[in-house]
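Remarks on the overall topology
Single-letter residue listing:
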Amino acid sequence: MHMMFVDESGDPGYPPDGNWGKWGGSKAFARVGLIIHGWKWRAWNEKLLEFKRTRGLLWDQEIKASDVRRGRRAFSGWDGNRRKQFLLDLLQLVGGNPDITLIGVAINKGKVDTSRKERLVKPEVRSLELLLESYNAFLQHQTRDRFGIVVLDPVKETSDDNLRHFQSFLQARSENLYPCHIVEGTFFAKSHTSNLIQMADVCANVFYREITGPGNLPEYQIIKKRLWRFAGRLSGNGIRKWP
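Description of the structure in this document. All values derive from a computational prediction rather than experimental measurement.

Examining the pairing of strand β3 (residues 101-108)
A large share of β3 lies buried, amounting to 7 of its 8 residues. The sheet contact formed by strand β2 (residues 28-37) and β3 spans 8 bridges and is antiparallel. Across the sheet, Arg31 pairs through a bridge with Val105, a residue of β3. Sheet analysis places β3 next to strand β6 (residues 239-242), joined by 4 bridges and oriented parallel. Bridging from a neighbouring strand, Val105 pairs with Arg240 of β6.

This is the structure in structure tokens:
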């Protein structure tokens, strides 16, 4: 059984007056899935615990990209060079290991036609649909185990229930998920309790910075090799863009 740990970066909102120039929120939304096989989970969890220990963190201290960059919470009191090296070391751990596969979804909110139906407007919904499609395709092309589960970081109880229901709807009705290799509905694990969700958070942050910046971000280049390719093609597989 494969496991895809999912996190997001950016906010899903739109300017109420349609004026992006004065909008204080993000103009993009990103969702990243980090895939490992279930039998490798324990080894990776222990690897991450050791990574924390050797860099001065306690086993239960949470790694969040925003905290690393800003020196908050677990990284309070760390100087900039130490935090930068920590992030690069973690990205190298991910980028240098074929046990991990990444899928990234990028939503350009400024190009979304907000007059369309809700599932094509809400970034948090549309990004999940695209991510599930690529994950299902990834599972379908595996030579052995072709089944997997999805694990998300819970945000709000109501929205999480809606996403779980939406995934169940897609699995039952979407032609793009047939045959379906994703087991049941979405599972949730709070980020501070899951080292793999924390890794997905870091990857989502880097992916978001890549799609909203000038491109070729050095941090992104480290993990780019882990993005899923099918027949050598990255676009439409390991990277999905909307619209």
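Re unusual backbone geometry
Negative phi is the rule for most residues except glycine; trans is the rule for most peptide bonds. For the peptide bond that leads from Trp242 to Pro243, omega is -5 degrees, which places it in the cis range. You can see Pro243 is positioned in the segment after β6. With a phi angle near 50 degrees, Arg73 is a residue other than glycine that sits in the positive phi range. As for its position among the elements, Arg73 is in the loop between α2 (65-70) and α3 (80-95). What makes Arg73 exposed here is its relative accessible area of 63%. Phi angles above zero are rare outside glycine, and Asn216 is one such case at about 60 degrees.

Calculation notes
Residues numbered from 1 in each chain as written. Predicted model: local features only at pLDDT ≥ 70, side-chain atom pairs only at ≥ 80, totals over all residues. Heavy atoms only, no water. Buried < 20%, exposed > 50% of the residue type's maximum accessible area, 1.4 Å probe, protein only. Helix = DSSP H or I, 4+ residues; strand = E, 2+ residues; numbered from the N terminus. Pairing = 2+ DSSP bridges.

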